[in-house]
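Listed below, chain by chain, are the residues.
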There are 2 protein chains.
Amino acid sequence: MLPEHNILFKNINTEDCKRMITCFNADIRRYKSGSCIANYDEYNDKIGIVLSGRAVMVRYDINGVRTIIESLEEQSIFGAFFTFNISKRNTIEIVSETDCEIMFVRRSEITKRCEKACQCHSKVVENLLALMSEKTISLSERIEVLSQRSIEDKLISCLEIIEDKTPDGKTPQIPFSTTALSDYLCVNRSALQREISKLKNAGVLTISKRKFKFLRPKD
Amino acid sequence: MLPEHNILFKNINTEDCKRMITCFNADIRRYKSGSCIANYDEYNDKIGIVLSGRAVMVRYDINGVRTIIESLEEQSIFGAFFTFNISKRNTIEIVSETDCEIMFVRRSEITKRCEKACQCHSKVVENLLALMSEKTISLSERIEVLSQRSIEDKLISCLEIIEDKTPDGKTPQIPFSTTALSDYLCVNRSALQREISKLKNAGVLTISKRKFKFLRPKD
DNA sequence: ACTCCCTTGTTGCAATTGCAACAGATTTTT
DNA sequence: AAAAATCTGTTGCAATTGCAACAAGGGAGT
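Within each chain, residue numbers correspond to sequence positions counted from 1 in written order. Chain A is the first chain written and ligand 1 is the first ligand written, with later ones labelled in order. At least 70 in pLDDT is required for a residue's local features to be given in this predicted model, at least 80 for side-chain atom pairs to be given and counted, and no such filter applies to totals for whole chains, interfaces and linings, which use all residues. Side-chain numbers come from the whole structure's heavy atoms, not from hydrogens or water.

Novice: What's the story with the protein's contact with DNA strand C in this structure? I'm lost.
Specialist: Note on terminology: near, applied to a residue and a molecule or strand, indicates that one of the residue's heavy atoms is within 4 Å of it. A:Thr179, A:Gln193, A:Ser197, B:Ile151 and B:Asn188 are the nearest of the 19 residues found near DNA strand C. When the atoms of DNA strand C within 4 Å of the protein are sorted by group, sugar and phosphate make up 52%. In the analysis that follows, any N or O atom pair within 3.5 Å is treated as a polar contact, provided that within protein one partner can donate a hydrogen and the other can accept it, and provided that, for residues neighboring in sequence, both atoms belong to side chains. Note that a phosphate oxygen of DNA strand C is positioned 2.6 Å from one of the side-chain N or O atoms of A:Ser197. For DNA strand C, a base nitrogen lies 3.0 Å from a polar atom in the side chain of B:Arg194. Per the convention used, a helix needs a DSSP run of H or I reaching at least four residues, while a strand needs a run of E reaching at least two, with both numbered from the N terminus. Of all the secondary structure elements, the ones that give two or more residues to the surface near DNA strand C are α5 (178–185) and α6 (189–201) of chain A together with α6 (189–201) of chain B. Ten residues, namely Ala, Val, Leu, Ile, Met, Phe, Trp, Tyr, Cys and Pro, are considered nonpolar, four, namely Asp, Glu, Lys and Arg, are considered charged, and the remaining ones, Gly among them, are considered polar. The residue inventory of the surface near DNA strand C, partitioned by class, reads three nonpolar, nine polar and seven charged.

In structure tokens:
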């Protein structure tokens, strides 16, 4: 994907875009699926934007337990700046799930007053605001899911959010394998499997591969 | 607190501030402790900023179980725009914990291009960006806590984050009662109490009222 | 087609957590 | 100051969840 098609440069003409990408010292890199795109063992103010592909932010605790902190779809932003303090007990990494193109920009480059006073600069800041707004929504959804008290409720809450985002006519699809989903819901895999089977047997929903469908009339 | 002292208007002179507050149609309201400041049963694009006092974003599910979604300290922002889709099964409210002053601004007023092209406008957008950045950090911390697999780990993670934020020399303090803390950690109160007692007996930490201290040498 | 590796699905058992109930402490209201 | 309401701390028991182990399924690569 061309960087100028990124939401960050929305409503800015291609000419200005190219100029700004240089002006920002933007760095565009490609990663194979399964690569480590970034890790947060030290502070830096780089902002990453997923131009194409999909990545996840993961944490491994001292026992090696994996937690998927966030799923980063196309157009998502990430960076130490948007995340909690780096703890000594955890390792946080951004890992590509598919082949990815990532654009890196220093936050300070974006927020600093541009000497050249280019108009599009403030436009970029506004666009960044919109991206961040989306991020807070995505994080809030995550909290919504994790704050459920039982595995069943976590699962249903998660699936409902996916369902809500699915365009009419399309079949809702989980962006993870069941194993990864358990890391995302922060529960034991086999306990999650048990709940899935229970819901299937109870006729609440159907799940086949990653596609699912609630059987009750949507209220 | 004077609204012009709010972070949103940082680096903007008092004169311009007053002008902008009018320009934005900013609405400043006072609330007694325990009042409902906002509820998200319908969409609106109002942004709320806590000028003084403290509030919480809470959810009550159909069973009346309370979850404290966020603790909103002074200078925090909130709004439906930053939150997940409103579900029919949940009620989300902002409730004041102390007496509060809240400033409401419509998001569209801030992001729209100002006809008068006032310079400070883009400064406000940048400030909003900083506020949102803090918000994403605060939400990420919340996820960090909730993603822990046991009550003990949730508690420790939560306390460590509070400890990290406490200025040197001051005693770290939980912003909640134990009962409210259990709603924040999304666990049963007496189970939480049990874990607190266990940690105290094991000599890991001391807790008296809301003040606490880890006894192990900080690593 | 075969191997290797990872995922799915299941189960018994152990550990953790939730629930309910209660007594005492603390805070708020009258 | 008394009464009411809320919060703290504890415990036995029930329910949920985690753990470990295993069999079976599916995909990628040779």
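Once you've had a look at it, read on.
Novice: So what exactly am I meant to see when it comes to the protein's contact with DNA strand D here?
Specialist: Around DNA strand D, the surrounding shell holds 19 residues, and the nearest of these are A:Ser150, A:Ile151, A:Asn188, B:Gln193 and B:Ser197. For DNA strand D, the backbone makes up 50% of the atoms found within 4 Å of the protein, where backbone means sugar plus phosphate. A distance of 3.1 Å separates a base nitrogen of DNA strand D from a polar side-chain atom of A:Ser190. Secondary structure elements with two or more residues in the surface near DNA strand D: α6 of chain A together with α5 (178–185) and α6 of chain B. In terms of residue class, the surface near DNA strand D is made up of three nonpolar, nine polar and seven charged.

Novice: I'm lost on the sheet that holds strand β8 (residues 100–106) of chain B in this one. Help?
Specialist: Sheet strands line up and pair through hydrogen bonds in the backbone, either parallel or antiparallel. Residues and elements named next belong to chain B. One requirement defines pairing of two strands: DSSP has to find at least two bridges between them. The strand order β1-β8-β3-β6 describes an open sheet built from four strands, whose pairing is antiparallel. Each having just a single partner strand, β1 (27–31) and β6 (77–78) make up the two edges of the open sheet. Bridging between strand β3 (residues 46–52) and β6 involves two bridges; their strand directions are antiparallel. The residue of β6 that forms the bridge with Ile49 is Ile77.

Novice: Explain the domain arrangement of chain A here, please?
Specialist: A common measure of how large an interface is: the accessible area buried when the components associate. All names here are of chain A. As far as domains go, chain A holds domain 1 (3–144) and domain 2 (149–214). What gets called buried area is simply the loss in accessible area from a 1.4 Å probe that two parts show on being joined, summed for both. Summing both partners gives a buried area of about 850 Å² for domain 1 against domain 2, and 53% of it is carried by carbon and sulfur. Salt-bridge detection follows one rule: a side-chain nitrogen of Lys or Arg within 4 Å of a carboxyl oxygen of Asp or Glu. Where domain 1 packs against domain 2, one counts two salt bridges. We note a salt bridge from Asp183 to Arg66, for which the minimum N-O separation is 2.6 Å. Residue assignment for the side of domain 1 that touches domain 2 shows that the elements contributing at least two residues are β5 (66–72) and α3 (119–146). Source of the domain bounds: an automatic or database domain assignment.

Novice: Explain the packing of α5(B) against α6(B) to me, please; I cannot follow it from the model alone.
Specialist: Residue and element names in this part refer to chain B. As a packed pair, α5 and α6 sit with axes 9 Å apart at the nearest point and diverge in direction by 105°. Judged by the angle between their axes, α5 and α6 are roughly perpendicular. Of α6, the residues touching α5 (which contributes Thr178, Thr179, Leu181, Ser182 and Leu185) are Arg189, Leu192, Gln193 and Ile196. Looking at the contact of α5 with α6, its residues break down into four nonpolar, four polar and one charged. Between the N-to-C directions of two axes lies an angle of 0 to 180 degrees, each axis being a line fitted to C-alpha atoms and, for a helix, fitted only over the stretch in contact. If an angle is under 35 degrees, it is roughly parallel; if it is over 145, roughly antiparallel; if it lies from 65 to 115, roughly perpendicular; otherwise it is oblique. Whether two residues are in contact is decided by their heavy atoms, any of which lying within 4.5 Å being enough.

Novice: How do you make sense of the packing of aromatic side chains when you look at a structure like this?
Specialist: Remark: the centre distance and the inter-plane angle together describe each pair of aromatic rings, the angle taken between the planes. Ring pairs shown here join Phe, Tyr and Trp side chains whose ring centres sit within 6.5 Å, with only the six-membered ring taken for Trp; geometry is labelled stacked below 30 degrees between planes, edge-to-face above 60, and tilted in between. This model, assessed by the stated rule, comprises six aromatic pairs over all chains. Aromatic side chains A:Phe176 and A:Tyr184 sit 5.0 Å apart centroid to centroid with 40° between the ring planes, which places their arrangement in the tilted category. Working definition: with a 1.4 Å probe on protein chains only, accessible area under 20% of the residue-type maximum means buried, over 50% means exposed, and in between means partly exposed. Among the residues examined, A:Phe176 registers a relative accessible area of 5% and is labelled buried. Judged by its relative accessible area of 14%, A:Tyr184 falls in the buried class. Taken together, a centroid distance of 6.1 Å and an interplanar angle of 85° make the contact between B:Phe212 and B:Phe214 edge-to-face. With respect to burial, B:Phe212 and B:Phe214 carry one shared label: buried.

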